[in-house]
Amino acid sequence: MPQPTYRDGLRTTTRNIAHTILSTSGLSALQARKVAAAADCSVGTLYNVWRNLDELIIAANAITLAHLGSVLTTARDATPAGASVEQRLLALADAYVIFAIDKRNAWRALFDHRLPRGKTAPDWYRAAQSELFAIVETALVSVVADPAERSRAARAFFASVHGIVSIALDEKLGDFDRQDCEAQVRFIVTAAARGLPRADGAISQG
């Protein structure tokens, strides 16, 4: 097996350092000089292995994205085989809420990072984002037969849960109350799940 080069090793090290900063202090705390100092290299060397700070942030955020995907996959796989669509969606929603609250700095960095106008995230990162929606889609297979409609529904569920959590953590509508946040998420997911048409044309009752 080929041995990793110094450049590869430094990329891994600095990516991990950046992820630690995002997790502990948030996106605003991530600076090239901090990462370089922690990696015992110069800022110039850092930019020899990363084209810019945005590329480093995306790489660090990918770690969080993978962790979130693992959490959602575990929640999905732990749901009993005979669970209703409502139960499957609630399991995913509950797991998402817990992750967002308990890992809020890293979670915020996923959504707060903005690329310069005209720039887009690399294909591999966009594919990793799509995998999150794919996990939600698996909970909808029995009630939404059309793939395009199922994809749309999964994104709507994801956005609804994310929006509630984001507003709560930002204290846009009052002081943060974890129990109330969780109750709001469960309410909207339950209401939406029960309104989904089944494949036979009937309305799902959960």
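All values reported here derive from a predicted model rather than from experimental measurement.

Undergrad: What am I meant to see in the overall build of the chain here?
TA: A count of helical and extended segments in the chain gives nine helices and zero strands. Across the chain, helices and strands are ordered from the amino to the carboxyl terminus as α-α-α-α-α-α-α-α-α. Along the longest, intermediate and shortest principal axes, the C-alpha atoms of the chain span 65 × 45 × 35 Å. Within the chain, the proportion of its 206 residues that are buried is 41%. For the chain, long-range pairs separated by at least 24 residues make up 67% of all intrachain contacts whose partners lie at least 6 apart in sequence. For the chain, the exposed area adds up to about 11400 Å²; of that, 53% sits on carbon and sulfur atoms.

Undergrad: Would you take a moment to explain the nonpolar core for this structure?
TA: One broad trend across soluble globular proteins is that nonpolar side chains are buried collectively. Membership of the largest hydrophobic core comes to 43 residues, with the highest contact counts inside it found for Leu 72, Leu 89, Leu 140, Val 161, Val 165 and Val 185. Per element, the largest residue contribution to this core is 11 residues, and it comes from helix H5 (residues 85-102). Setting aside anything within four residues of it in sequence, one finds Leu 89 in contact with Val 136, Ala 139, Leu 140, Phe 157, Val 189 and Ala 193. Among the nonpolar cores identified, the runner-up in size contains 20 residues, and Val 35, Leu 56, Ile 57 and Ala 60 belong to it.

Undergrad: Teacher, can you tell me more about the side chain of Glu 137 here?
TA: If you trace the backbone, Glu 137 turns up in helix H7 (residues 123-138). Every residue in contact with Glu 137, bar those within four places of it in the chain, is listed here: Pro 147, Arg 150, Ser 151 and Ala 154.

Undergrad: Even after reading the chapter, I still don't get the pattern of salt bridges, so can you show me in this structure?
TA: Between side chains of opposite charge, pairing is possible as soon as their charged atoms come close. Enumeration over the complete set of coordinates arrives at nine salt bridges. Where Arg 51 meets Glu 55, a salt bridge forms, and the shortest distance between an N and an O atom there is 3.2 Å. Owing to a relative accessible area of 70%, Arg 51 belongs among the exposed residues under this scheme. For Asp 94, the salt bridge is made with Arg 186, and the minimal N-O distance between the two is 2.5 Å. Of this pair, Asp 94 sits in helix H5 while Arg 186 sits in helix H9 (residues 178-194), and the two are 92 residues apart along the sequence. Residue class for Asp 94 comes out partly exposed when judged on its relative accessible area of 27%.

Undergrad: Sorry, what's going on with the environment of Ala 38 here?
TA: Tracing the sequence through the fold places Ala 38 in helix H2 (residues 32-39). Overall, Ala 38 belongs to the exposed group, its relative accessible area being 51%. Taking the C-alpha atoms as reference points, Ala 38 and Ala 18, 20 residues apart in sequence, are found 9.5 Å from one another.

Undergrad: Explanation requested: H9 in the structure shown.
TA: Along an α-helix, residues three or four apart share an orientation, since each turn contains 3.6 residues. Its 17 residues place the ends of H9 24 Å apart at the C-alpha level, agreeing with the 24 Å of an ideal helix rising 1.5 Å per residue. In the core, the buried residues of H9 are packed alongside H5 and helix H8 (147-169). Between a side-chain oxygen at the N-terminus of H9 and the backbone nitrogen of Gln 179 the separation is 3.1 Å; the capping residue is Asp 177.

Undergrad: I'm lost on the confidence of the model for the chain in this one. Help?
TA: Any segment with low pLDDT has predicted coordinates that should not be analysed in fine detail. Chain-level statistics for the chain give a pLDDT mean of 92 and a share of 93% at 70 or above. Low pLDDT, under 50, characterises residues 199-206; the stretch is placed with 21 contacts to residues that sit more than four places away or in other chains.

Undergrad: How should the packing of aromatic side chains be read in this particular structure?
TA: Aromatic rings considered in pairs are described by the distance between their centres and by the relative angle of their planes. Applying the stated criterion across every chain yields a total of five aromatic pairs. Judged by centre distance (5.1 Å) and plane angle (65°), the rings of Tyr 96 and Phe 158 are edge-to-face. Highlighted residues: Tyr 96 in helix H5 and Phe 158 in helix H8, separated in sequence by 62 residues. Of the two residues, Tyr 96 and Phe 158, both sit in the buried class. Ring plane angle 90° and centroid distance 5.8 Å describe the contact between Trp 124 and Tyr 125, whose orientation is recorded as edge-to-face. Geometry around Trp 50 places Arg 11 over its ring, the cationic atom sitting 3.9 Å from the centre. Between the NZ or CZ atom of Arg 104 and the centre of the ring of Phe 176, over which it lies, the distance is 5.5 Å.

Cut-offs used in this document
Residues numbered from 1 in each chain as written. Predicted model: local features only at pLDDT ≥ 70, side-chain atom pairs only at ≥ 80, totals over all residues. Heavy atoms only, no water. Helix = DSSP H or I, 4+ residues; strand = E, 2+ residues; numbered from the N terminus. Buried < 20%, exposed > 50% of the residue type's maximum accessible area, 1.4 Å probe, protein only. Contact = heavy atoms within 4.5 Å. Areas by Shrake-Rupley, 256 points an atom, 1.4 Å probe, with all protein chains shown as cover. Core = buried A, V, L, I, M, F, W, Y, C linked by side-chain atoms within 4.5 Å. Salt bridge = Lys/Arg side-chain N within 4 Å of Asp/Glu carboxyl O. Expected span 1.5 Å × (residues − 1). Polar contact = N/O pair within 3.5 Å; in protein donor to acceptor, adjacent residues only side chain to side chain. pLDDT = per-residue confidence, 0-100. Phe/Tyr/Trp six-rings, centres within 6.5 Å; stacked < 30°, edge-to-face > 60°. Lys NZ or Arg CZ within 6 Å of the ring centre and 35° of its normal.

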